[in-house]
Amino acid sequence: MKPAIFFWCSMLKTLTGIVLKETDYSNSSKILTVFTKEEGKISVMYKSAKQYKKGAYATAQLFTIVEFVCYEGRKFYTHASSQLLKAYRGLKDSIVKLAAASYIAQVLLYSYEEKQPDERAFLLTAYCLNKIDKNNDAYAMGYTLLYLLKLLAITGYAPLLNRCIDCGKESSLQYFDTIQGGLVCRDCHTAGNHLHAIQPEDIHTVYYLLNVALNEENIEKTDGKRSIYLIKLFNECLEDKILKKIAAFDFLVTLTCGE
Ligand SMILES: [Zn+2]
């Protein structure tokens, strides 16, 4: 029979992830929700996370990339040690950046079940958070829109943009159907809550963001209201697919539109 110490050692795992949510568990402990490169979304019980010692405080913060060494339990992992790899410190200095990052975090958390690995989602999230962190506020909505569209694509919900989803016609595409996830032509348009007008330049923007390779994108300083309109359309698409309301979207709208 194996000694107990070997049993515990065999349960240790090293995982690299982005901290997306923190929940107080006790006076000194937190449960972190982390999207890891290896295993997707996991919960990590972090005892003494609030004590400022040996860098523990730094690795228990939102919007950091951390290498965790954890014990795997049935419901969650228990933190053994951790190392801070990257902190997006600029996100907390601007309310616009914080709203964008909070929205991205919620979109990711709601789009995946626990332990559903997707390295592309991990890399996309790290990339967009980094861009929002490093650039000024004017780029935040453009990168949020890029994120949302690319996440829809990798989860299998890329919008159909080349023809009408009802009749197949390739011209007069003037509306977007958020339930069917595609364009609708003028002739097929009927009044409905899930049909929204869309401009040719918006279709071009969406097509470009869906297809451009990361690191080659040219995100210009975008008109906040135009971007938020497109984010609204695709947020509605996403909510319909995941059957959840993304509350952080309301905060983003309030900031951008002053409503
Ligand atoms: Zn049509």
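Residues numbered from 1 in each chain as written. Predicted model: local features only at pLDDT ≥ 70, side-chain atom pairs only at ≥ 80, totals over all residues.

Draft legend 1. Spatial organisation of the sheet that holds strand β3 (residues 40-46). What the five strands build is a closed barrel, ordered β1-β2-β3-β5-β4; its pairing is mixed. Pairwise comparison of adjacent strand axes, ignoring direction, gives a mean angle of 45 degrees for this sheet. One ladder, built from seven bridges, connects strand β1 (residues 12-24) with strand β2 (residues 30-36); its direction is antiparallel. Within β2, the residue paired with Gly 17 across the bridge is Thr 36. Its contacts with the sheet put helix α3 (residues 95-111) on β1, β2 and β3, and the angle it makes with β1 is roughly 120 degrees. Across the face of the sheet, helix α4 (residues 119-134) comes into contact with β1, β2 and β4 (64-72) while running at roughly 55 degrees to β1. (Pairing = 2+ DSSP bridges. Helix = DSSP H or I, 4+ residues; strand = E, 2+ residues; numbered from the N terminus. Axes fitted to C-alpha atoms, helices over the stretch in contact; angles between N-to-C directions. Contact = placed C-beta atoms within 7 Å.)

Draft legend 2. Examining the packing of α3 against helix α5 (residues 140-154) more closely. Running from amino to carboxyl end, α3 crosses α5 at an angle of 5 degrees, the nearest separation of the two axes being 10 Å. In this view, α3 runs roughly parallel relative to α5, as classed from their interaxial angle. For the pair α3 and α5, the contacting residues are Val 96, Lys 97, Ala 100, Tyr 103, Ile 104, Val 107 and Ser 111 in the first and Ala 140, Met 141, Thr 144, Tyr 147, Leu 148 and Leu 151 in the second. Across the contact of α3 with α5, the residue classes break down as 10 nonpolar, two polar and one charged. (Parallel < 35°, antiparallel > 145°, perpendicular 65-115°, else oblique. Nonpolar A, V, L, I, M, F, W, Y, C, P; charged D, E, K, R; others polar.)

Draft legend 3. Region of interest: the domain arrangement of the protein chain. Domain parsing of the protein chain yields domain 1 (4-87) and domain 2 (91-257). The distance between the C-alpha centroids of domain 1 and domain 2 comes to 30 Å. Each partner contributes to the interface: domain 1 provides 13 residues, whereas domain 2 provides 16 residues. Counting only elements with at least two residues in the side of domain 1 that touches domain 2, the list comes to β1, β2 and β3. (Domains from an automatic or database assignment.)

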